[in-house]
Amino acid sequence: MKKNLESNFRNIKVRGEICNLGIHNGNAYFSLKDNLSKIRAIVWKWSGVSLDNIENGKTIIACGKMN
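Source: prediction; values computed, not measured. (Residues numbered from 1 in each chain as written. Predicted model: local features only at pLDDT ≥ 70, side-chain atom pairs only at ≥ 80, totals over all residues. Heavy atoms only, no water.)

A.B. asks: Any details on the nonpolar core? Residues and values, ideally.
C.D. replies: Counting seven residues, the largest nonpolar core is built from I18, A28, F30, L32, A41, V43 and I54. For this core, the secondary structure elements donating two or more residues are β2 (27–33) and β3 (38–43). It is β2 that provides the largest number of residues to this core, a total of three residues. Other than its neighbours up to four places away in sequence, F30 contacts I18, C19, N20, L21, I39, R40, A41, V43 and I60. (Core = buried A, V, L, I, M, F, W, Y, C linked by side-chain atoms within 4.5 Å. Buried < 20%, exposed > 50% of the residue type's maximum accessible area, 1.4 Å probe, protein only. Helix = DSSP H or I, 4+ residues; strand = E, 2+ residues; numbered from the N terminus. Contact = heavy atoms within 4.5 Å.)

Written out as structure tokens, the structure reads:
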């Protein structure tokens, strides 16, 4: 099932509010939530994404892959 999900959902966009933000060794670990669900997310330091605008309570659209 995991392999099926990863191969069928390569480029996804998720809109949600950042919560439980933690930054460790340059990586950002957080959850994205809406009124129905919550999903965990990571921004790796090598991804080139600036962490300057990542903060709890901010609504974003995250793009990435599922794994």
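A.B. asks: Before we move on, can you summarise the environment of E17 with the specific residues and values?
C.D. replies: Note on placement: E17 falls in strand β1 (residues 12–24). By relative accessible area, E17 is classed as partly exposed at 30%. Along the primary structure E17 and E55 are separated by 38 residues, whereas in three dimensions their C-alpha atoms are 9.3 Å apart. With near-sequence residues (within four places) excluded, E17 lies in contact with S31, L32, K33, G57, K58 and T59.

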